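If you want the building blocks of each chain, they are given just below.
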Amino acid sequence: MGNSDNKSVKIAIQKDGRLTQDTVSLLRAAGLSFENYNRKLFVKCRNYPAEVLYVRDDDIPYYVASGIADLGIVGQNVLRESGFRVNTLLDLGFCRCSLVIAVPQNSNISRASDLRNSTIATSYPNSAKEYFKENKIPIKIVNIKGAVEIAPSLGFAHAIVDIVATGKTLVLNNLRILQKISDSQALLITPNEVTSKEKAKIIDDLKVKISEVLGGKDYEYL
Ligand code: ATP
Ligand code: ZN
């Protein structure tokens, strides 16, 4: 399985979401010329040995870990939640957000340990479980896919674990941050083991080009 063509790389990116615009701009600034997403899930770069796969962000860790894609751009939060092990080439600095525990504004919960034996609603069950386990706080998880912020006011969770950037959505839903679990930003990832020398060369070349666009922060002359 994996990629049979060794002369080009497949780059998995989010087809339509918060990561998409910055991802596409970054790849174009790095010199790649390719079509925007328009129901075609797979587009060839016109001037570079690469194909862009337009997918759901949640699927990117699997595509990269399995070698179906040779590169991916995905949020750290999604990578962590997936549990897949990949090689992170670069921190890309966009889509910054944090995974936090939030509780109703008027609740008297003042620290994470106050949540002992309570119910937590989240779309990040693995990350949430890991946090509470590490901190030896027994809790129950309710896994819901979206609009997690609504759970406390509907009365089926005492707290939520969710992604926040500005915190506006929390305020709108009468929630406040209790505790930050982790920070997140977009990452450039690649499989732990790249199958061919040719691909490794292209991956390296793209990493250098992207680093240069980012301002050379992670770029060193060898
Ligand atoms: P998909 O349909 O691809 O599954 P999605 O709805 O799961 O998309 P988006 O809302 O587009 O995902 O968010 C993609 C990623 O952007 C998140 O996983 C996170 O890394 C980051 N993100 C989420 N919220 C914000 C925000 N408010 N500001 C910046 N980045 C964010
Ligand atoms: Zn998603």
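Calculation notes
Residues numbered from 1 in each chain as written. Chains lettered and ligands numbered in written order. Predicted model: local features only at pLDDT ≥ 70, side-chain atom pairs only at ≥ 80, totals over all residues. Heavy atoms only, no water. Helix = DSSP H or I, 4+ residues; strand = E, 2+ residues; numbered from the N terminus. Buried < 20%, exposed > 50% of the residue type's maximum accessible area, 1.4 Å probe, protein only. Contact = heavy atoms within 4.5 Å. Areas by Shrake-Rupley, 256 points an atom, 1.4 Å probe, with all protein chains shown as cover. Lys, Arg positive; Asp, Glu negative; His and termini not counted. Charge placed at Lys NZ, Arg CZ, Asp CG, Glu CD. Near = heavy atom within 4 Å. Polar contact = N/O pair within 3.5 Å; in protein donor to acceptor, adjacent residues only side chain to side chain. Nonpolar A, V, L, I, M, F, W, Y, C, P; charged D, E, K, R; others polar. Pairing = 2+ DSSP bridges. Axes fitted to C-alpha atoms, helices over the stretch in contact; angles between N-to-C directions. Donors = N, O, S within 2.8 Å, 3.2 Å for Na, K, Ca; no water. Domains from an automatic or database assignment. Buried area = accessible area lost by both parts, 1.4 Å probe. Salt bridge = Lys/Arg side-chain N within 4 Å of Asp/Glu carboxyl O.

(A) Representation of the overall build of the chain in the model. Counting its secondary structure elements, the chain contains 7 helices and 11 strands. Seen along its three principal axes, the alpha-carbon backbone of the chain occupies a region of about 60 × 35 × 30 Å. Considering the chain as a whole, with its 222 residues, one finds that 47% of them fall into the buried category. Contacts in the chain between residues far apart in sequence, at least 24 positions, make up 66% of those at least 6 positions apart. Carbon and sulfur atoms make up 47% of the accessible area of the chain, which totals about 12,100 Å². Charged side chains in the chain number 29 positive and 24 negative. The centres of these two groups are separated by 4 Å.

(B) Quick look at the site of ligand 1. The environment of ligand 1 is made up of 15 residues, and the closest members are Q14, R18, R56, D58 and N77. R18 places a main-chain nitrogen or oxygen 2.7 Å from an oxygen atom of ligand 1. Within the contact set of ligand 1, an oxygen atom lies 2.5 Å away from a side-chain nitrogen or oxygen of R56. Computed on the free molecule, ligand 1 has an accessible area of 640 Å², of which 74% lies beneath the protein chains in the complex. Here the shell around ligand 1 is composed, by residue class, of 6 nonpolar, 4 polar and 5 charged.

(C) Focus on the sheet that holds strand β3 (residues 50-55). Strand order in the open sheet formed by 6 strands is β2-β3-β1-β4-β11-β5, and the pairing between neighbours is mixed. Edge positions in the sheet fall to β2 (42-44) and β5 (87-91), since each has one partner strand and no second. Each neighbouring strand pair of the sheet contributes to a mean axis angle of 25 degrees, computed without reference to strand direction. Two strands pair when backbone bridges link them, and β5 and strand β11 (residues 186-190) are joined in this way by 4 bridges, in the antiparallel orientation. Within β11, the residue paired with L90 across the bridge is L188. Each of β1 (9-14), β3 and β4 (71-75) is contacted by helix α1 (residues 20-29), which is oriented at about 150 degrees to β1, the strand it contacts most. Strands β1, β4, β5 and β11 of the sheet are contacted by helix α7 (residues 197-214), whose axis makes an angle of about 25 degrees with β5.

(D) Structural context of unusual backbone geometry. One non-glycine residue, N117, lies in positive phi territory at about 65 degrees. Looking at the element boundaries, N117 is found in the loop between β6 (97-104) and β7 (119-122). Its relative accessible area of 63% is what places N117 among the exposed residues.

(E) Representation of the coordination of the zinc ion (ligand 2) within the structure. Listed as protein donors to the zinc ion (ligand 2) are D57 (OD) and D58 (OD); their distances from the metal cover 2.0 Å. Take D58: its relative accessible area is 41%, and that puts it in the partly exposed class.

(F) Geometry of the domain arrangement of the chain. Per the domain assignment, the segments making up the chain are domain 1 (9-95 + 185-215) and domain 2 (97-183). Using C-alpha coordinates to define each centre, domain 1 is positioned 30 Å away from domain 2. Counting residues at the interface gives 5 residues for domain 1 and 11 residues for domain 2. Together domain 1 and domain 2 conceal approximately 730 Å² of surface at their shared face, both sides included; 34% is due to carbon and sulfur atoms. Across the contact surface, domain 1 and domain 2 share 1 salt bridge. For the salt bridge of E130 with R80, the shortest nitrogen-to-oxygen distance reads 2.8 Å. Put simply, domain 1 and domain 2 have 6 residue pairs in polar contact (both at pLDDT 80 or more) between them. A class-by-class count of the residues in the side of domain 1 that touches domain 2 yields 1 nonpolar, 2 polar and 2 charged.

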